[in-house]
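Listed here are the chains, written in short residue letters.
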Amino acid sequence: MFERLRTTLLPLLAAFIWGIAFVAQKNNTVGALTFNASRSIVAFVFLCGVILVMNKGDVKHLLKGHTPQETRAIWLGGLCCGISLAVATFLQQSGLDADTEAGKAGFLTAMYIVLVPILGLALKKRAPLNVWIAVVVAVAGLYLLCVKEGSEIRLSDLVVLACSLVFAIQILFIDHFSPHCDGVKLSCVQFLMCFVISAVPALVLEEITLPALGESVIPILYLGVFSSGVAYTLQIVAQKNSNPAVVSLFLSMESVFSVLAGAVLLGEVLSGREYLGCVLMAVAVVLAQLPERKK
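Values in this document were obtained by computation on a predicted structure and should not be read as measured data.

1. Some remarks on helix 5 (residues 112-122)
Step number 1: Where helix 5 is concerned, the buried positions are Tyr112, Ile113, Val116, Pro117 and Gly120. The buried side chains of helix 5 occupy one side of the element, clustering within an arc of 135° when seen end-on.
Step number 2: Looking one or two places after helix 5, you find Lys124, whose phi comes out positive at around 60°.

2. Side note on the packing of aromatic side chains
Step number 1: Applying the stated criterion to the full structure yields three aromatic pairs.
Step number 2: On the basis of an interplanar angle of 70° and a centroid distance of 5.7 Å, the ring pair of Phe191 and Tyr232 is categorised as edge-to-face. With Phe191 in helix 8 (residues 183-205) and Tyr232 in helix 10 (residues 217-239), this residue pair connects regions lying 41 residues apart in the sequence. Each member of the pair Phe191 and Tyr232 is classed as buried.

3. Details of the packing of helix 2 (residues 32-54) against helix 8
Step number 1: Running from N to C, helix 2 and helix 8 point in directions that differ by 155°, and their axes come no closer than 7 Å. Taken together, helix 2 and helix 8 sit at an angle that is classed as roughly antiparallel. Considering the relative orientation of helix 2 and helix 8, their crossing is left-handed.
Step number 2: A per-class count over the contact of helix 2 with helix 8 returns 20 nonpolar, five polar and one charged.

4. Regarding helix 8
Step number 1: Taking 1.5 Å of rise per residue, 23 residues should cover 33 Å, and helix 8 covers 33 Å from first to last C-alpha, within 8% of that figure.
Step number 2: At the N-terminal boundary of helix 8, the capping side chain belongs to Asp182, with an oxygen 3.0 Å from the backbone nitrogen of Val184.

5. Describing the side chain of Thr233
Step number 1: With respect to the helices and strands, the residue Thr233 is situated in helix 10.
Step number 2: Thr233 gets classed as buried once you look at its relative accessible area, which sits at 8%.
Step number 3: Not counting residues within four places of it along the chain, the set of residues in contact with Thr233 comprises Leu47, Val184, Ser187 and Ser228.

6. Considerations on the environment of Ser84
Step number 1: When you line up the elements, Ser84 lands in helix 3 (residues 68-97).
Step number 2: Taking the C-alpha atoms as reference points, Ser84 and Val166, 82 residues apart in sequence, are found 5.9 Å from one another.

7. Brief notes about a nonpolar patch on the surface
Step number 1: Judged by side-chain polarity, Leu76, Leu79, Ile83, Val87, Val196, Ile197 and Val200 come together as a nonpolar surface patch covering roughly 500 Å² of accessible area.
Step number 2: Elements represented by at least two residues in the nonpolar patch include exactly helix 3 and helix 8.
Step number 3: Per element, the largest residue contribution to the nonpolar patch is four residues, and it comes from helix 3.
Step number 4: With respect to the helices and strands, the residue Leu79 is situated in helix 3.

8. As for the confidence of the model for the protein
Step number 1: Of the residues in the protein, 85% have a pLDDT of 70 or more, and the chain-wide mean is 81.
Step number 2: Across the protein, helix 8 holds the top mean pLDDT of 92, while helix 4 (residues 102-109) sits lowest at 70.

Basis of the calculations
- Residues numbered from 1 in each chain as written.
- Predicted model: local features only at pLDDT ≥ 70, side-chain atom pairs only at ≥ 80, totals over all residues.
- Heavy atoms only, no water.
- Buried < 20%, exposed > 50% of the residue type's maximum accessible area, 1.4 Å probe, protein only.
- Helix = DSSP H or I, 4+ residues; strand = E, 2+ residues; numbered from the N terminus.
- Arc of directions from axis to C-beta.
- Phe/Tyr/Trp six-rings, centres within 6.5 Å; stacked < 30°, edge-to-face > 60°.
- Axes fitted to C-alpha atoms, helices over the stretch in contact; angles between N-to-C directions.
- Parallel < 35°, antiparallel > 145°, perpendicular 65-115°, else oblique.
- Left-handed = near helix turned anticlockwise from the far one by under 90°.
- Nonpolar A, V, L, I, M, F, W, Y, C, P; charged D, E, K, R; others polar.
- Expected span 1.5 Å × (residues − 1).
- Polar contact = N/O pair within 3.5 Å; in protein donor to acceptor, adjacent residues only side chain to side chain.
- Contact = heavy atoms within 4.5 Å.
- Patch = residues over 30% accessible without salt bridge, like charges linked within 9 Å, V, L, I, M, F, W, Y side chains within 5 Å.
- Areas by Shrake-Rupley, 256 points an atom, 1.4 Å probe, with all protein chains shown as cover.
- Salt bridge = Lys/Arg side-chain N within 4 Å of Asp/Glu carboxyl O.
- pLDDT = per-residue confidence, 0-100.

Right under this line is the structure:
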């Protein structure tokens, strides 16, 4: 029962946090690299504080495992996850900074729910039939929910679509490394790497000013603490010894939560098309949880 709750509630909570984050990302006033570097360093500092509290102030073993093998998994896994996360979030933020709507960006990003089981086949990670059916239903629901009728495909949309492929790779990296190390430490190193990879080119390619950073401080803090520090750590903990295809399906509920948050907090009115999309997403989540039939 505990394992089922861990692999269900934790990714749904992460999806809820990410759903609200799309609005915050759309309202930032700095470059994509600067924004990602800023949110990553906030996440790193936040997670260092969490680890220190968990370890009762033991600074010596802040980012070390109990064994050399676990320490290696923390740093190698953090490097792989950090690189993929830095590339994925840069592509996503670039699309949002151009002219991709937040709703469409949510749909295109969530296409990792298709790519994760497909890439998983190459790694000999089989997804049950009910999960494949759930993925098809979820894609239909996401389309109805996020993409407006008559919406055109722009270059920025293709950039956001590319980020879904890199997010799928990041999910599979987590699936590989998370069983071998502490999830919070893995997440902490992931954001340290993401900060370095984003900050270096930002200093060269983007103009960084204090007034612009000041105007984006709320989005940076929200995405740094909650979207990055909390939600991505929940993702790592949820994926430990779990089917990545199923967890990715739950994570895709971020699109549903983003639309519902707009309706509740901003008074936006949902159309019948969007309500149907929400229903299909809920059906997909239920399908993914059905037990696999024994031969």
